[in-house]
Amino acid sequence: KSFIFRHSLGEAVDKYANDVKNKGLLIKYWSIWGPVQCLTFGVVPEHLRITFIACVSFFWLIIFSTISSSNTEDDVSVQSAKAQPEKA
């Protein structure tokens, strides 16, 4: 995504780190995919596993996109600080 929007790799890593630290992205990831994997291999029949994972992945993509595209006050202040040139 950063490549498409012409952001540097450092900006992409900073954005991801911010999503993990401030928006709880990793906790949400674990809270969804841990139980999903337990259900997949414990309850879901073999012939439906791929369909089940595809459905959950679709909704995870929506959640992930919502989290990563939302601008908090911290994001806005960091972006505005980077956009303003330093005065000597």
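Above this note sits the structure.
Given the structure is predicted, the values throughout are model-derived calculations rather than measurements.

Reading the values: the criteria
Residues numbered from 1 in each chain as written. Predicted model: local features only at pLDDT ≥ 70, side-chain atom pairs only at ≥ 80, totals over all residues. Heavy atoms only, no water. Helix = DSSP H or I, 4+ residues; strand = E, 2+ residues; numbered from the N terminus. Expected span 1.5 Å × (residues − 1). Buried < 20%, exposed > 50% of the residue type's maximum accessible area, 1.4 Å probe, protein only. Arc of directions from axis to C-beta. Contact = heavy atoms within 4.5 Å. Core = buried A, V, L, I, M, F, W, Y, C linked by side-chain atoms within 4.5 Å.

A. View of helix H3 (residues 49–69). Between its first and last C-alpha atoms H3 spans 30 Å; for 21 residues at 1.5 Å apiece the expected length is 30 Å, and the two agree. Taken together, the buried positions of H3 are Val56, Trp60, Ile67 and Ser68. For H3, the buried positions fall inside an angular range of 105° around the axis, keeping them on one side. Looking at the buried positions of H3, the neighbouring elements they touch are helix H1 (9–22) and helix H2 (25–42).

B. Representation of the nonpolar core. The biggest cluster of nonpolar side chains holds 6 residues, and these are Leu25, Trp33, Val36, Val56, Trp60 and Ile67. Of all the elements in the fold, those that place two or more residues in this core are H2 and H3. Aside from chain neighbours lying at most four places away, what touches Val36 is Phe52, Ile53 and Val56.

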